[in-house]
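Inside the fold
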Amino acid sequence: MSSAARCRIGIDVGGTFTDFVLANLSTGEIVRYKEPSVPSDPSLSVRRGIPALLERAGVGPADVELIVHGTTLLVNAIIQHRGARVGLVVSEGHRGVLEIGRMSLASSHDFTLKKELPLVPRDRIFETTARTLVDGTVAGRPKAREYDALAKSLRDAKVEAVCVLLLNSYAHPALEDEVAAALAKRLPGIPVTASARIWPERREFERALIAVMNAYCQPIMTAYLDLLVARVREIGIEAPVYITASNGGTLSIDSARARPIDTVLSGPASGLLAATRVAQAMGRDAIITIDMGGTSCDVALNQGVDPEYTTTTRVGDYPLVLPVVNVLAIGAGGGSIISVDRQGVLKVGPNSAGADPGPVCYGRGGTLPTITDCYLLAGFIDPQHFLGGRMKLDREAATRALDGIAAALGYRGADRAVRAADASLRVASAMMATELFKGLARRGADPREFALMAFGGAGPTHGTLLGEEARLSTIVIPPAPATFCAMGAILADVKRDYVRSRSIKLAAGKPALREIAAAFRTLEAEAAAWIAKEGDMLGEVRYDAALDMRYAGQAFDLQVPVPDALRREPELAGIAELFHREHERIYSFRDLESAIEITTLRIRATGRIPPIRLPETRSGGSGAPVGTRRVFHAGRTHEVPVYLRRDLGVEARIAGPAIIEQEDCTAWILPGWTATIHPIGSVVIRRD
């Protein structure tokens with residue numbers, strides 16, 4: 001072990017496996033490791049995996065300078081309704097804010113669907129006379145007696161966290177802060193959240209949801225992070241721990257404790273960030289990413305240097321207006337369960353076997369066949385070398401499970417289980433391609449202009465199957481795809497978004513410019529104060545501005561990036577032209593007669609963490625097959641060569657059908673496709 005080693009560790013806790021990546025900045029070496037996840041205690045897989053990772057890398061706990069950790073803990077808590085018991089305090093007359101929402105149906109075509117259950121039921125929502133008018137006038141201020149009664153009602157309801165949501169607090173937060181402080185004084189030990197302190201954007205329902213989700217998850221997140229840090233310290237690591245964020249950045253552990261809502265969709269964001277870095281290194285600026293793990297499959301679109309962001313995503317059934325990396329869930333993961341419905345139709349998902357019991361072939365008590373069992377029977381996976389031989393797979397158990405599917409489909413013959421596996425994979429690919437086309441159509445993107453970058457434990461195996469179904473021409477499999485999200489975690493910079501809702505009409509002239517400039521200065525000051533506390537590793541700090549704008553009378557906004565020069569010295573014609581240009585790009589016209597309104601101002605603060613250089617693969621090494629394997633695909637059996645990825649250099653050229661194996665995943669190259677090796681180590685598979 002070298003005492004001069006400087007190492008960073010990225011961790012991604014998935015539904016089936018916990019992935020680890022260690023980057024040794026002293027040597028440039030990247031080391032990976034996978035440990036089975038423990039759903040009942042995700043920190044336990046971290047405690048077990050880090051010592052094995054350090055041993056494999058030949059370094060010690062003292063050599064670690066940073067740990068970045070991603071988790072799906074919060075999104076699972078919200079979807080499964082396993083959060084804290086929250087009480088909500090609202091202005092009089094607004095007790096139904098969560099139940100009424102936007103008064104929209106879950107589906108316009110299915111009146112039997114039930115509306116989502118509110119995270120805070122009506123009997124834990126309490127009204128107060130506190131009210132601020134839109135111009136900032138205080139129309140009602142509670143007396144001490146009312147605060148005492150509110151505190152008693154909240155205690156009697158046995159709440160574990162409290163949210164305060166007052167009308168117009170996004171613009172005038174003082175009264176809401178006053179109410180929150182008064183309740184916090186009367187409710188020691190119970191966290192009290194003011195909605196505008198979490199996200200001061202207009203639209204009461206969406207702001208309420210953000211504040212409620214934050215309070216709902218805070219006790220769970222605090223308890224988990226405390227346990228995580230304790231586990232890390234047990235190993236002897238004293239390095240700071242950061243948490244990945246939904247906007248593709250990271251946060252210090254103190255920031256994540258204070259505002260856990262920022263991390264709710266962080267897992268997919270890390271993978272897209274790593275994909276962006278790899279695409280840049282390869283000279284590609286148009287990629288579709290597919291992150292296919294054990295329980296889910298996520299797709300994202302990337303054009304240019306930065307990932308695509310959105311403020312119109314959902315967490316389960318609930319809308320979320322925070323800026324997050326734009327990822328679309330399109331269906332099956334490796335653990336998705338195969339079934340046949342009452343009409344005899346073959347189904348893939350939506351239920352998953354997860355990590356416990358997992359696929360049938362794992363031998364942990366699972367009885368329902370999954371996509372991974374199909375990979376095994378089709379011949380894509382070697383049962384003796386799964387995870388580099390650390391885990392043996394049970395082919396006979398998978399055969400028995402899929403034999404039941406074959407019987408339900410009416411298949412006959414000794415190979416009927418294998419044919420059922422092949423059919424299941426074709427159904428999964430068709431489902432994924434359909435959802436992919438829908439997502440691209442909504443963005444106005446042509447899939448033929450993009451390369452598909454496949455990662456996650458199952459992504460390389462299924463990437464060419466999806467590429468064939470979607471008629472794509474190029475598939476890219478990055479280095480170590482099965483631990484790609486963990487790699488993205490240590491590539492991320494520190495980021496947080498700040499927002500202010502205003503109603504500014506450009507026609508107002510100089511007063512509008514003064515209001516824009518003042519709002520941007522306020523947001524930048526808040527961001528600077530926060531980022532100064534995020535640790536000593538940060539280098540350059542950047543502030544990126546944007547405006548949400550619309551033509552007068554429109555019911556929707558467009559978010560328009562604002563160059564630094566216009567942020568510092570706003571200019572009416574320049575701002576108007578930015579909006580006209582963006583509106584014309586999306587809708588093919590500009591309306592020069594209508595007035596332009598600004599509804600929201602945004603600042604994203606980014607603190608650069610010293611970058612990690614991606615290693616390059618060696619030249620030479622055309623690679624010879626290490627054996628052959630029988631693969632069943634598209635109704636036929638193929639005898640295909642098997643290559644080891646570590647043997648392949650930049651001169652390698654592999655014609656399909658073929659298999660490329662590495663410790664943590666298997667890449668299947670279809671007939672009619674050819675694979676080559678890029679200098680940074682990516683496998684590039686092109687349609688012949």
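Keep in mind that what you see is a predicted model, and the values were worked out from it rather than measured.

With respect to the helices, strands and loops of the structure, D177 is situated in helix α5 (residues 174–186). You can call D177 partly exposed: its relative accessible area is 21%. D177 sits 20 residues away from R197 along the chain, and the two C-alpha atoms are 8.2 Å apart. Residues within four places of D177 in sequence aside, it is in contact with A194 and R197. A polar contact is formed between the side chain of D177 and the side chain of R197, at a distance of 2.3 Å.

Strand order in the open sheet made by the 4 strands is β6-β5-β9-β10, with parallel pairing throughout. With one partner strand each, in any of the chains shown, β6 (125–128) and β10 (192–194) form the two edges of the open sheet. Ignoring strand direction, the axes of neighbouring strands in this sheet form an average angle of 25°. In terms of strand pairing, strand β9 (residues 161–165) meets β10 through 3 bridges, oriented parallel. Residue pairing in the sheet places V164 in a bridge with A194 of β10.

Judged by nonpolar contacts, the single largest core of 69 residues is most densely connected at I290, F380 and I660. Sequence-distant contacts of I290, defined by excluding residues within four places in its chain, comprise C297, D298, V299, M432, L452, M453, A454, F455 and L466. A57, F205, L228 and I237 belong to the second-largest nonpolar core, a separate cluster that totals 66 residues.

Per the stated rule, a full pass over the model turns up 40 salt bridges. Among the salt bridges present, the one from E468 reaches R687, with a minimum N-O distance of 3.3 Å. Of this pair, E468 sits in helix α13 (residues 459–469) while R687 sits in strand β34 (residues 683–687), and the two are 219 residues apart along the sequence. Salt bridges sharing partners connect three or more residues here, namely R202, R550, D557 and E597.

This next bit is on the sheet that holds strand β31 (residues 658–662). Ordered by their spatial adjacency, 4 strands build an open sheet running β28-β29-β31-β32, and the pairing between neighbours is mixed. Every other strand in the sheet has two partners, leaving β28 (627–633) and β32 (665–669) as the edge strands with one partner each. For this sheet the average axis-to-axis angle between neighbouring strands, irrespective of direction, equals 30°. Of the strand pairs in this sheet, strand β29 (residues 636–644) and β31 are connected by 3 bridges, and their pairing is parallel. Across the sheet, the residue bridging to L644 is E661, located in β31.

Turning next to α13. Burial runs high along α13: 9 of the 11 residues are buried. Every buried residue belonging to α13 is among G459, P460, T461, H462, G463, T464, L465, L466 and G467, and all of these are buried. At the exit of α13 stands R471, carrying a positive phi of roughly 60°.

The next point concerns unusual backbone geometry. The omega torsion across G656 and P657 is 5°, close enough to zero to call that bond cis. Its place among the elements puts P657 in the loop between β30 (653–655) and β31. The phi dihedral of K158 falls on the positive side, at around 55°, and the residue is not glycine. As for its placement among the helices and strands, K158 is situated in the loop between α4 (144–156) and β9. The phi angle at R203 is positive, at roughly 85°, despite the residue not being glycine. Note that R203 resides in the loop between α6 (195–198) and α7 (204–235). Owing to a relative accessible area of 32%, R203 belongs among the partly exposed residues under this scheme.

Turning to the pairing of β31, a few remarks are in order. Across the 5 residues that make up β31, a large majority, 4, are buried. Judged from the 5 bridges that link them, β31 and β32 form a sheet pairing that is antiparallel. Paired with A658 across the two strands is I669, which belongs to β32.

Pairing between strand β20 (residues 336–340) and strand β21 (residues 346–352): 4 bridges, direction antiparallel. From the neighbouring strand, S336 faces β21, where its bridge partner is S352. What sits between the antiparallel neighbours β20 and β21 is a turn of 5 residues, in which G344 has the positive phi angle 80°.

Relative to the helices and strands, R207 is located in helix α7. Of the side chains with opposite charge, E176 lies nearest to the buried R207, which makes no salt bridge, at 4.1 Å. Discounting chain neighbours no more than four positions away, the residues touching R207 are L165, L166, N168, S169, Y170, E176, S195, W199 and E201.

What counts, and where the lines are drawn
Residues numbered from 1 in each chain as written. Predicted model: local features only at pLDDT ≥ 70, side-chain atom pairs only at ≥ 80, totals over all residues. Heavy atoms only, no water. Helix = DSSP H or I, 4+ residues; strand = E, 2+ residues; numbered from the N terminus. Buried < 20%, exposed > 50% of the residue type's maximum accessible area, 1.4 Å probe, protein only. Contact = heavy atoms within 4.5 Å. Polar contact = N/O pair within 3.5 Å; in protein donor to acceptor, adjacent residues only side chain to side chain. Pairing = 2+ DSSP bridges. Axes fitted to C-alpha atoms, helices over the stretch in contact; angles between N-to-C directions. Core = buried A, V, L, I, M, F, W, Y, C linked by side-chain atoms within 4.5 Å. Salt bridge = Lys/Arg side-chain N within 4 Å of Asp/Glu carboxyl O. Lys, Arg positive; Asp, Glu negative; His and termini not counted.

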